[in-house]
Amino acid sequence: MTSGSGPRPDKNHREKNFPIASWIIHPRHPALILAFRFVRTADDIADHATLAADEKLRYLDLLEAELLGKGETRAEAVRLRTALAGRGMPPRHPLDLLTAFRMDVTKQRYENWDEVIHYCRYSAMPVGRFVLDVHGESTSTWPASDVLCAGLQVNNHLQDCGMDFRDLNRVYIPRDALVASGASVVELGGAKSSSRLLQCLHALAVKTEALLNEGAALVPQVKDFRLGLEVSAILSFADKIVPMLKVRDPLSERVHLSPLELLVHGAGAMANEAARRALGRGTRSKTTVGA
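Residues numbered from 1 in each chain as written. Predicted model: local features only at pLDDT ≥ 70, side-chain atom pairs only at ≥ 80, totals over all residues. Heavy atoms only, no water.

A. Seen up close, the packing of aromatic side chains. In total, this model carries 4 aromatic pairs according to the counting rule given. Ring geometry for Y110 and Y172: centres 5.6 Å apart, planes at 25°, overall stacked. On the criterion of sequence distance, the pair formed by Y110 in the loop between helix 5 (92-106) and helix 6 (113-123) and Y172 in the loop between helix 9 (161-168) and helix 10 (175-181) is long-range, its members being 62 residues apart. Across the ring face of Y110, the terminal group of K107 is positioned such that the distance to the ring centre comes to 4.9 Å. Directly above the ring of Y122 sits R121, whose terminal nitrogen or CZ lies 4.8 Å from the centroid. (Phe/Tyr/Trp six-rings, centres within 6.5 Å; stacked < 30°, edge-to-face > 60°. Helix = DSSP H or I, 4+ residues; strand = E, 2+ residues; numbered from the N terminus. Lys NZ or Arg CZ within 6 Å of the ring centre and 35° of its normal.)

Structure (structure tokens):
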């Protein structure tokens, strides 16, 4: 492979829980956050429709090696390696994400909720930790960030459960949850969910809501003003999506926010958070349900 080349997915890339350098973020940080898009290249490799598993793993190993300084052929790896070195940051978070992408290649089913959360430990939590580290936030923010990122990831799994199964034969819906509701994996390939599958998906949305409620504690813990606004907006999106997932069918109904809804909810959340910080008020209080 040469710089800038390599496998690209046959499917359209889905926006996942990876950071983007939005206009909110301080001008000092977007370059490093954009360099973190290295993980999108790795994600595309893991999700590629035609590459064999051993080829995917070989490409992922190459990205890791070059991120660690063993080669110069992958522009994405060199760019992130250089950006991290410029800020004196280790590559621990992108390395964790590479672990998740290897799991995507080798593990297509999850037995229970704990296994899904373990996957989130590598697929989602490092993203939040990375952004917090970029902004110089304390590692004491990691627990709340981890829970929030897990909630965001499971939201995504529920939204895209049909597409993940049809396109990738990948199922993040826990097997024991399907069994408990009397549903089967193959139902995820249908145009509409059965009542059994809906019962399973809606119950998982309730558990996801509990994660988001707990993760809301991150907002007041973040000291950086701009990042606090960003987190509040992201949380507001998730808070609007999870009620849809609790009552709608992701196989046949809309469970994503429109661009207008993203704009309205994001602006409202940021305005509320800016006012809260200006007035020194406490953040919202939500009751956490055991997850």
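Here the narrative resumes, following the displayed structure.
B. Quick look at the side chain of S193. Topologically, S193 is positioned in the loop between helix 10 and helix 11 (195-215). In this structure, S193 is in contact with L198, L201, D249 and L251, ignoring residues within four places of it in sequence. (Contact = heavy atoms within 4.5 Å.)

C. Just helix 11, in detail. In a regular helix each residue adds 1.5 Å, so 21 residues correspond to 30 Å; helix 11 covers 30 Å between its end C-alpha atoms and thus fits that length. Restricting attention to buried positions, one finds in helix 11 the residues L197, C200, L201, H202, L204, A205, T208, A210, L211, L212, N213 and G215. Along its buried surface, helix 11 packs onto helix 6, helix 8 (142-159), helix 9, helix 10, helix 12 (218-221) and helix 13 (225-247). (Expected span 1.5 Å × (residues − 1). Buried < 20%, exposed > 50% of the residue type's maximum accessible area, 1.4 Å probe, protein only.)

D. Layout of the nonpolar core. Counting residues in hydrophobic clusters, the biggest one holds 41 residues, and the most contacted among them are F38, L60, L80, F101 and F130. In this structure, A100, L178, L197 and L211 belong to the second largest nonpolar core, which totals 33 residues. (Core = buried A, V, L, I, M, F, W, Y, C linked by side-chain atoms within 4.5 Å.)

E. Inspection of a nonpolar patch on the surface at higher detail. Taken together, the side chains of L260, L263 and V264 make up a nonpolar region of the molecular surface, amounting to roughly 320 Å² of accessible area. Position of L260 relative to the elements: it lies in helix 14 (residues 259-279). For L260, a relative accessible area of 59% gives the class exposed. (Patch = residues over 30% accessible without salt bridge, like charges linked within 9 Å, V, L, I, M, F, W, Y side chains within 5 Å. Areas by Shrake-Rupley, 256 points an atom, 1.4 Å probe, with all protein chains shown as cover. Salt bridge = Lys/Arg side-chain N within 4 Å of Asp/Glu carboxyl O.)

F. Focus on the environment of T141. Here T141 lies in the loop between helix 7 (125-134) and helix 8. Between the C-alpha atoms of T141 and V219, which are 78 residues apart in sequence, the distance is 9.4 Å. Contact partners of T141, with chain neighbours within four places excluded, come to L132, L218 and Q221.

G. Local environment of the state of the cysteines. If you walk through the whole model with that rule in mind, you get 0 disulfides. We note that C149 lacks a disulfide partner, and the nearest cysteine sulfur, in C120, lies 9.3 Å from it. Here C200 stays unpaired: no disulfide links it, and the sulfur of C161, its closest cysteine neighbor, is 8.9 Å away. By relative accessible area, C200 is classed as buried at 3%. (Disulfide = S-S within 2.5 Å.)

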